Amino acid sequence: ATATATTTTTATAMNASDEELCFHCVGGLRYVMLHKWLTYAADFRDTTRDWLVTLGLCGDGRVIPRTVANACLGCAASLWKRGWLSSSNNGGSGSNSDGGVSGEQKA
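Throughout what follows, the structure given in this document is the object of discussion. Predicted model, so just to flag it, every value in this text is computed and none were measured.

**Some details on the overall build of the protein**
Then, in step 1: Assigned secondary structure in the protein consists of three helices and zero strands.
Then, in step 2: Element order for the protein, N to C, with α for helix and β for strand: α-α-α.
Then, in step 3: Within the protein, the proportion of its 107 residues that are buried is 27%.
Then, in step 4: Of the contacts formed within the protein by residues at least 6 apart in sequence, a portion of 55% connects residues at least 24 apart.
Then, in step 5: Accessible area for the protein stands at about 7100 Å²; split by element, carbon and sulfur atoms hold 57% of it.

**Focus: the pattern of salt bridges**
Then, in step 1: A complete count under the given rule lists two salt bridges for this structure.
Then, in step 2: Salt-bridge contacts for Arg 49 lead to Asp 46; the nearest nitrogen and oxygen are separated by 3.2 Å. In this pair, Arg 49 and Asp 46 both sit in helix α2 (residues 42-56), three residues apart, roughly one turn of the helix.

**Regarding the packing of α2 against helix α3 (residues 66-88)**
Then, in step 1: Contact geometry of α2 with α3 gives a least axis separation of 8 Å together with a crossing angle of 150 degrees. Taken together, the axes of α2 and α3 are roughly antiparallel relative to one another. In this structure, α2 crosses over α3, and the sense of that crossing is left-handed. Counting all contacts with α2, which are made through Thr 48, Arg 49, Leu 52, Val 53, Leu 55 and Gly 56, the residues of α3 involved are Ala 69, Cys 72, Leu 73, Cys 75, Ala 76, Leu 79 and Trp 80.
Then, in step 2: For the contact of α2 with α3, the class distribution of residues is ten nonpolar, two polar and one charged.

**Quick notes on α3**
Then, in step 1: Taking 1.5 Å of rise per residue, the 23 residues of α3 would be expected to cover 33 Å, and the 33 Å separating its terminal C-alpha atoms lies within 8% of that figure.
Then, in step 2: Every buried residue of α3 is listed here: Val 68, Ala 69, Ala 71, Cys 72, Cys 75, Ala 76, Ser 78, Leu 79, Arg 82 and Ser 86.
Then, in step 3: Contact partners of the buried residues in α3: α1 (16-35) and α2.

**Observations regarding the packing of aromatic side chains**
Then, in step 1: Taken as a whole and judged by the stated rule, the model has two aromatic pairs.
Then, in step 2: Centre to centre, the rings of Trp 80 and Trp 84 are 6.1 Å apart; their planes meet at 40 degrees, and the pair counts as tilted. Here Trp 80 and its partner Trp 84 are both found in helix α3, four residues apart, which amounts to about one turn of the helix.
Then, in step 3: Using a relative accessible area of 37% as the deciding quantity, one classes Trp 80 as partly exposed.
Then, in step 4: A cation sits over an aromatic face here: Arg 49 above Trp 80, 3.6 Å from the ring centre.

**Considering the side chain of Thr 48**
Then, in step 1: For Thr 48, the position within the fold is in helix α2.
Then, in step 2: Among the polar contacts made by the side chain of Thr 48, one reaches the main-chain carbonyl oxygen of Phe 44 at a distance of 2.8 Å.
Then, in step 3: Every residue in contact with Thr 48, bar those within four places of it in the chain, is listed here: Leu 29, Met 33 and Leu 79.

Thresholds applied
Residues numbered from 1 in each chain as written. Predicted model: local features only at pLDDT ≥ 70, side-chain atom pairs only at ≥ 80, totals over all residues. Heavy atoms only, no water. Helix = DSSP H or I, 4+ residues; strand = E, 2+ residues; numbered from the N terminus. Buried < 20%, exposed > 50% of the residue type's maximum accessible area, 1.4 Å probe, protein only. Contact = heavy atoms within 4.5 Å. Areas by Shrake-Rupley, 256 points an atom, 1.4 Å probe, with all protein chains shown as cover. Salt bridge = Lys/Arg side-chain N within 4 Å of Asp/Glu carboxyl O. Axes fitted to C-alpha atoms, helices over the stretch in contact; angles between N-to-C directions. Parallel < 35°, antiparallel > 145°, perpendicular 65-115°, else oblique. Left-handed = near helix turned anticlockwise from the far one by under 90°. Nonpolar A, V, L, I, M, F, W, Y, C, P; charged D, E, K, R; others polar. Expected span 1.5 Å × (residues − 1). Phe/Tyr/Trp six-rings, centres within 6.5 Å; stacked < 30°, edge-to-face > 60°. Lys NZ or Arg CZ within 6 Å of the ring centre and 35° of its normal. Polar contact = N/O pair within 3.5 Å; in protein donor to acceptor, adjacent residues only side chain to side chain.

Structural data, given as structure tokens:
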């Protein structure tokens, strides 16, 4: 018989400067992912988006501030929209020649 070990993650309170830093990190991730969309493999984009949703919904067992959770969900929503625009524009590209985001797609 095998025993299954379970671990409990205990979250510590995040101070205000850490919360602000995390909020801006999510915003930076959003900016980079949207503006360099074509440089990332589809699997990476999908995994990043799904991780942000999980983190935003606190599905990984960690407690995060609401502002950071909302930033994660907003970033994930932007990545979903970018994926939809990419699949429906120009045979799947949806971006300009340098991999950036075209006018109406800027976040």
